[in-house]
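# Examination of the molecular architecture
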Amino acid sequence: MKLKKSGEALTRTAYIISIFYIIAAIIPLLILLIYSLKDSYAIYEYPPNLIPSIPKSVSIVLDYSEYDGEDENILLDMMLKDSAAAMYATIYELDKDSIGEVRVFGSINGKNVFYQRAHAMYMRLQLDYGYMKGLLAVNRYTLTYNERYKKVSEEIGYSYDISGINENYNVKEIGNSELNEKIIGYLTDESKDRGMNGKIEGTIIRKNATLWLKSFYYYIVTPSYMYNTVPSIAKYSFLAFLFNTVLVVVWAVIVQISLCTLTAFALSRLFKKKIADIIIFYFLVTMMIPFICILVPQMILLKSIGAMNNYAAMLLPWLYPAPFFIYLFKVFFDRLPQSLFDAAMIDGASAWYSYTKICLPLSKPIIAVLTLSTIMNAWGDFFWYLMAANRTHLWTINLALYSISSDPTTKQNISMGLAFVTIMPVILLALIFSKQIKESIASSGIKG
């Protein structure tokens, strides 16, 4: 009875500790997600609000009936200017009101002929890095300078047809918001000189939670605005950093699995025991040497062969097999029944056959652990890449995240959003491989 009670107490303790660590791991992740959902102003609120405000979709309706019969190109140019002024004035003036997007409708005699929409994150990126960079005020002069409004309109697109378009709005919803008068006031204030041509009919304000998801898209494309002088990043944005990271990870996994298993097989089955013990002792000793001690010699070596600040600097260090996994594989191979290898030799099998057909299939649990460990190390490595491959086009995800976050123009919600995006693949891989490890261990019993 005492043993039973002791076992139950141990089980309860294990559950409590497990739940504690799960909560301790989830809470920071949730905080990261919550702050990434906030806009660039709300993230600095004090006291902080853990529940982010649902972003608002603002629709501004402009009437151009007095220009009925005007040349279509002239009318379009007026609408594009008004749309740019309405969008950027709303974002500029209402930065404390959680605006998620701005939509502009242009109508003539009750018929919609113009429509344009822009996400708030897109407009903030334009203000920080794009065509609107350095915009200190939203007025007719700043928007028309260097034809900024045209460049932005061409990038985000618009619908325009003098005979009518499909995008519509509900007339009954116009003006049913406390922000209606505030927006109209900002757009019609003569001191601010917005230069509006159309008559403002009113606004429509709706809450739209799907705008949160769209924000993550703009977090990912942020590098294409920040580093638009680098061709690969300007074209592929954050995917360029992901490519570099995946390249290193895939190379590291393939090389480490190959070298660790081959080295361990040779030490276990091909070398004499005394020689194998000396070599494995050497590998174990190298585990005790801190990386910082070999950093400079390794950099000098790579520089001498022209392998600095290029992909070689990122890939060549992985050619040294992990000592711990060499030892782990060797111990595992040593414990395999000799009868398996004797039977293979009687059938005329080579050492390569024993390695590929006997040792590798039976070592799936360790290979799974090695794969997960290598992915984590390659994905999370930062210091070596910072020293040896610190070129913008070579950045891994961690280097990119560090550089973007260090930029004083970067909003904190962008940094939080990118951090959340980069963490999720690692968590998913850990969950996937943990399941495979358990299944492999359960199905790989070896009888003597």
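Scoring rules and cut-offs
Residues numbered from 1 in each chain as written. Predicted model: local features only at pLDDT ≥ 70, side-chain atom pairs only at ≥ 80, totals over all residues. Heavy atoms only, no water. Helix = DSSP H or I, 4+ residues; strand = E, 2+ residues; numbered from the N terminus. Buried < 20%, exposed > 50% of the residue type's maximum accessible area, 1.4 Å probe, protein only. Contact = heavy atoms within 4.5 Å. Salt bridge = Lys/Arg side-chain N within 4 Å of Asp/Glu carboxyl O. Core = buried A, V, L, I, M, F, W, Y, C linked by side-chain atoms within 4.5 Å. Pairing = 2+ DSSP bridges. Axes fitted to C-alpha atoms, helices over the stretch in contact; angles between N-to-C directions. Phe/Tyr/Trp six-rings, centres within 6.5 Å; stacked < 30°, edge-to-face > 60°. Lys NZ or Arg CZ within 6 Å of the ring centre and 35° of its normal.

Moving on to the side chain of Glu 101. Mapped onto the elements, Glu 101 comes out in strand 2 (residues 99–108). Note on Glu 101: relative accessible area 5%, which makes it buried. With residues up to four places along the chain from it excluded, the contact list for Glu 101 reads Lys 56, Ser 57, Val 58, Arg 117, Ala 118, His 119, Ala 120, Asn 208 and Leu 211.

Right, let's talk about the pattern of salt bridges for a bit. Evaluation of the coordinates by the stated rule reveals eight salt bridges. Asp 77 is the partner of Lys 81 in a salt bridge, and the nearest nitrogen-oxygen pair spans 3.5 Å. Within this pair, Lys 81 and its partner Asp 77 are both found in helix 2 (residues 72–93), separated by four residues, close to a single helical turn. In this structure Lys 81 comes out as partly exposed when scored by relative accessible area, which is 31%. In this structure, the salt-bridge partner of Lys 182 is Asp 97, at a minimum N-O distance of 4.0 Å. Placement of Lys 182 in helix 6 (residues 179–188) and of Asp 97 in the loop between helix 2 and strand 2 is noted, with a sequence separation of 85 residues between them.

Further remarks concern the nonpolar core. Counting 111 residues, the largest nonpolar core has Tyr 88 and Phe 329 as its most contacted members. For Tyr 88, the contacting residues outside a window of four places in its chain are Tyr 122, Met 123, Gln 126, Leu 127, Met 132, Val 138 and Val 152.

Once that is clear, we can look at the environment of Asn 377. Take Asn 377: it is sitting in helix 16 (residues 364–380). Here Asn 377 falls in the partly exposed class, since its relative accessible area comes to 46%. Between the C-alpha atoms of Asn 377 and Ala 252, which are 125 residues apart in sequence, the distance is 9.2 Å.

A separate point is the sheet that holds strand 1 (residues 56–63). Sheet strands line up and pair through hydrogen bonds in the backbone, either parallel or antiparallel. As summarised here, the arrangement of the five strands in space is 4-3-2-1-5, forming an open sheet in which the pairing is mixed. The sheet is open, and its two borders are formed by strand 4 (159–160) and strand 5 (199–207), each paired with just one other strand. Sheet topology note: the strand 3 (residues 111–119)/strand 4 ladder contains two bridges and is antiparallel. Paired with Tyr 115 across the bridge in strand 4 is Ser 159. Running over the sheet, helix 7 (residues 211–226) touches strand 1, strand 2 and strand 3 and is turned about 60° from strand 3.

In this section: the packing of aromatic side chains. Considering all chains together, one arrives at 21 aromatic pairs under this definition. Ring centres of Phe 238 and Phe 241 lie 5.7 Å apart, and the angle between their planes is 85°; on these two criteria the pair is classed as edge-to-face. Of this pair, Phe 238 and Phe 241 are both found in helix 9 (residues 238–270), three residues apart, which corresponds to roughly one turn of the helix. For Phe 238, a relative accessible area of 5% corresponds to the buried category. Members of the aromatic cluster, connected to one another through ring pairs, are Tyr 227, Phe 238, Phe 241 and Trp 395. Residue placement shows Lys 38 over the ring face of Tyr 35; its charged tip is 4.5 Å from the ring centre. When the ring centre of Tyr 217 is taken as reference, the NZ or CZ atom of Lys 214 above it lies at 5.0 Å.

Another point: unusual backbone geometry. The residue Ser 98 is not glycine, and still its phi comes out positive at about 55°. Along the chain, the position of Ser 98 falls in the loop between helix 2 and strand 2. Phi angles above zero are rare outside glycine, and Ser 237 is one such case at about 55°. Mapped onto the fold, Ser 237 is located in the loop between helix 8 (231–236) and helix 9. Of the residues examined, Ser 237 reaches a relative accessible area of 5% and is grouped as buried.

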